[in-house]
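Notes for the structure review
This is what each chain is made of:
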Amino acid sequence: MNAPSHPSHLQPQVQARDVPPALIDALKQRFAERCSTAMAVREQHGRDESSFTMPPPSAVVFAESTQDVADVVRLASEYAVPVIPFGAGSSLEGHLLAVQGGISLDVSRMNKVLSVNADDLTVTVQPGVLRKQLNDEIKSTGLFFPIDPGADASIGGMCATRASGTNAVRYGTMRENVLALEVVTASGEVIRTGTRAKKSSAGYDLTRLMVGSEGTLGVITEITLRIYPLPEAISAAICSFPSIEAAVRTTIQVIQLGVPIARVELIDVNTVRMVNAYAKLGLREEPMLLMEFHGSPTGVKEQAELVQEIASEFGGNAFEWASTPEERTRLWTARHNSYFAAVQSRPGCKAISTDTCVPISRLADCLLDSVAEADASGIPYFLVGHVGDGNFHFGYLLDPNIPEERVTAEKLNHDLVARALSLGGTCTGEHGVGLHKMGFLVDETGDGAVDMMRTIKRALDPKNILNPGKIFSL
């Protein structure tokens, strides 16, 4: 494996470039109070939800329009200074950290829903629009945007990391749901990729190139998305199992039988205990599946009954159904509070989250061996998974004052990724590469594919100013 687990490699190398005072002066002249060099603002924009710590950017610029973004990038290009796009700050792999210094470009004020085309089932938004905000604004049309990564992430950030989440088994990921983009290139030029048409054969698919590029090829300033009719009926359910294997085998059978389930989430017994303590829920402390069904009332009822029948074959019990929004919210509280519940269970801890995805037929092999290793390590952890599409996450809860725990967690992650790759899987199902998965990317794709990525990066960003030091090294 190319990703080292030795403690000397647990922090990325910082190679800060010089940020000339002339650039800061030019930015302050252009943006006035919207360009900040205050340490508190810089520190806020110099950390995310990853376990990495490093110096903050030299300045933060708050953009309010595409022209603002273009002007920042154009000035940065003139001085060959890095620009790091910043949305909600919820990334998990160090995407927004200033490993080479530079300017943090905050697009959170670009938060308008620009147009809703209900007849075509599309919506166009600015990158700072948050996921929940989008659904609140289009709810009156009877439509919704289904991609749910858990956190209330920005749409721009979700595009940049090719996010997915709990609904991906039914509705796909950002890759399938982004139709068109407006992007500012490394030279400050504004380009458009794609259209509102559902399909196209016109040239290279630049939209897909940008989706998942983690801010290294351009700064996304406008996004056109697919949206969907709100289901006529929605039903949620939880089901407890005697073992993780039983829950996983149930999931595999449900998917292989073609049941059009909208969500199927795994929560291990550790997580159930943590959520019970955090949210006072009183859930049965066994491995659990949380499921949701969308469709007509008859279709939802048939889906739910079939899944319950399958689950009972694997020892599933304590089914609890919910059809009203209030009941569904209560059932899903366990999943949405899992991270906060886990962190609170060990005060002062730092959580390191893993992110692998394997073909559904190999899910049990990968997951069960990984659980055995985590249990043997002695490190507290929680486990949640979008198991309907073979994606799952361990969260290792580390004491930052015990360096050995970080080393052990990295070793567990290293072995987990190696196992997933050997089973035909990927090193990251939805969090992205960022800083943490750079070595794993080489293992997954090979040197030739990574060299092709480098060629694209050099062609589109010859000065290497767009979020440098992420995905791969140059």
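Just so it is clear, the structure is predicted and the values come from calculations on it, not from any experiment.

Conventions used here
Residues numbered from 1 in each chain as written. Predicted model: local features only at pLDDT ≥ 70, side-chain atom pairs only at ≥ 80, totals over all residues. Heavy atoms only, no water. Helix = DSSP H or I, 4+ residues; strand = E, 2+ residues; numbered from the N terminus. Rg over C-alpha atoms; globule rule 2.2 N^0.38 Å. Contact = heavy atoms within 4.5 Å. Areas by Shrake-Rupley, 256 points an atom, 1.4 Å probe, with all protein chains shown as cover. Pairing = 2+ DSSP bridges. Axes fitted to C-alpha atoms, helices over the stretch in contact; angles between N-to-C directions. Buried < 20%, exposed > 50% of the residue type's maximum accessible area, 1.4 Å probe, protein only. Polar contact = N/O pair within 3.5 Å; in protein donor to acceptor, adjacent residues only side chain to side chain. 1 Å grid on protein atoms, 1.4 Å probe; cavity = no way out; pocket = protein on both sides within 12 Å on 5 of 7 lines; lining within 4 Å. Points joined across faces, edges and corners; volume = space filled by probe spheres on them. Nonpolar A, V, L, I, M, F, W, Y, C, P; charged D, E, K, R; others polar. Parallel < 35°, antiparallel > 145°, perpendicular 65-115°, else oblique. Left-handed = near helix turned anticlockwise from the far one by under 90°. Arc of directions from axis to C-beta. Core = buried A, V, L, I, M, F, W, Y, C linked by side-chain atoms within 4.5 Å. Salt bridge = Lys/Arg side-chain N within 4 Å of Asp/Glu carboxyl O.

**Quick notes on the overall build of the protein**
What the protein contains, in helices and strands, is 17 helices and 19 strands. Relative to a compact globule of 474 residues, whose C-alpha radius of gyration would be 23 Å, the protein shows 22 Å and is just as compact. Along the three orthogonal principal directions, the C-alpha set of the protein runs to about 70 × 55 × 45 Å. Sequence-distant contacts in the protein: of pairs separated by 6 or more residues, those separated by 24 or more amount to 73%. On the protein, roughly 19,200 Å² of surface is accessible, and the fraction owed to carbon and sulfur atoms is 52%.

**Concerning the sheet that holds strand E5 (residues 113-117)**
One open sheet holds the five strands; their spatial order is E5-E6-E10-E8-E9, and the pairing between them is antiparallel. On the outer flanks of this sheet lie E5 and strand E9 (190-194), each paired with one strand and no other. Strand after strand, the sheet turns through a mean of 15° between neighbouring axes, direction not considered. Judged from the six bridges that link them, strand E8 (residues 178-184) and strand E10 (residues 219-226) form a sheet pairing that is antiparallel. Note that in E10 the partner of Ala-180 across the bridge is Thr-224. Of the strands in this sheet, E8, E9 and E10 touch helix H3 (residues 66-79), which is tilted by about 50° from E8.

**Digging into the side chain of Ser-164**
Among the structural elements, Ser-164 can be located in the loop between helix H5 (155-160) and helix H6 (168-171). What makes Ser-164 buried here is its relative accessible area of 5%. For Ser-164, the side chain forms a polar contact with the side chain of Glu-430, separated by 2.6 Å. Every residue in contact with Ser-164, bar those within four places of it in the chain, is listed here: Ile-147, Asp-148, Pro-149, Thr-173, Gly-429 and Glu-430.

**Points about empty space enclosed by the protein**
Here the structure, examined in full by the defined rule, presents one cavity of 30 Å³ or more. For the largest cavity, the calculated volume is near 100 Å³. Together, 13 residues line the largest cavity, and Ser-50, Ser-51, Leu-92, Ile-352 and Ser-353 are the ones closest to its centre. The set of elements that each furnish at least two residues to the lining of the largest cavity consists of strand E16 (350-353) and helix H15 (403-422). Tallying contributions element by element places E16 first for the lining of the largest cavity, with three residues. Looking at the lining of the largest cavity residue by residue, the class counts come to five nonpolar, four polar and four charged.

**Regarding the packing of H15 against helix H16 (residues 438-445)**
Contact geometry of H15 with H16 gives a least axis separation of 11 Å together with a crossing angle of 20°. With respect to each other, H15 and H16 are oriented roughly parallel. In this structure, H15 meets H16 at a crossing whose hand is right-handed. Each of Asn-413, His-414, Val-417 and Leu-421 in H15 lies in contact with H16, whose residues at this interface are Phe-440, Asp-443 and Glu-444.

**What about the pairing of strand E19 (residues 391-398)?**
Most of E19 is tucked away, with eight of its eight residues classed as buried. Burial of E19 is two-sided: the residues Asn-391, His-393, Gly-395 and Leu-397 facing one way and the residues Phe-392, Phe-394, Tyr-396 and Leu-398 facing the other way are all buried. Bridging between E16 and E19 involves four bridges; their strand directions are antiparallel. Paired with Ile-352 across the strands is Tyr-396, a residue of E19. Examined bridge by bridge, strand E17 (residues 356-357) and E19 share two bridges and lie antiparallel to one another. The residue bridging Thr-356 from the neighbouring strand is Phe-392, located in E19. The antiparallel hairpin formed by strand E18 (residues 381-386) and E19 contains four residues in its connecting segment, where Gly-390 sits at a positive phi of about 80°.

**Section: helix H13 (residues 338-345)**
An α-helix turns once per 3.6 residues; consequently, residues spaced three or four apart project the same way. Among the residues of H13, those classed as buried are Ser-338, Ala-341 and Ala-342. Angular distribution of buried residues about the axis of H13 spans 100°; they occupy a single face of the element. In this fold, the buried residues of H13 make contact with helix H10 (269-279), helix H12 (325-336), E18 and E19.

**Quick look at the nonpolar core**
One recurring pattern in soluble globular proteins is that nonpolar side chains are buried together. Counting 45 residues, the largest nonpolar core has Leu-266, Met-291, Leu-367, Leu-383, Phe-394 and Tyr-396 as the members making the most contacts within it. When neighbours within four sequence positions are excluded, Phe-394 is seen to be in contact with Ile-352, Ser-353, Thr-354, Leu-367, Ser-370, Val-371, Ala-374, Tyr-381, Phe-382, Leu-383 and Leu-416. Residues Val-69, Val-72, Val-219 and Leu-466 belong to the second largest nonpolar core, which totals 26 residues.

**Focus: the sheet that holds strand E1 (residues 35-36)**
Read across the sheet, four strands follow the order E1-E2-E4-E3 without closing on themselves; strand pairing throughout is mixed. This sheet does not close on itself; its edge strands, each paired only once, are E1 and strand E3 (83-86). Both E3 and strand E4 (residues 103-106) contribute to a ladder of four bridges, which runs parallel. The partner of Phe-86 across the bridge, within E4, is Asp-106.

**Brief notes about the pattern of salt bridges**
Per the counting criterion, the structure on display carries 26 salt bridges. Salt-bridge contacts for Asp-148 lead to Arg-263; the nearest nitrogen and oxygen are separated by 3.7 Å. With Asp-148 in the loop between strand E7 (143-144) and H5 and Arg-263 in strand E13 (residues 263-267), this residue pair connects regions lying 115 residues apart in the sequence. Here Asp-148 matches Arg-263 in class, with each residue buried. Between Glu-410 and Arg-406 there is a salt bridge whose closest N-O contact spans 3.1 Å. Highlighted residues: Glu-410 and Arg-406, both in helix H15, separated by four residues, approximately one helical turn. As far as burial versus exposure is concerned, Glu-410 and Arg-406 are alike and both buried. Each of Arg-30, Arg-34, Glu-64, Asp-68, Asp-71, Arg-74 and Arg-109 takes part in salt bridges that share partners, so that together they form one network.

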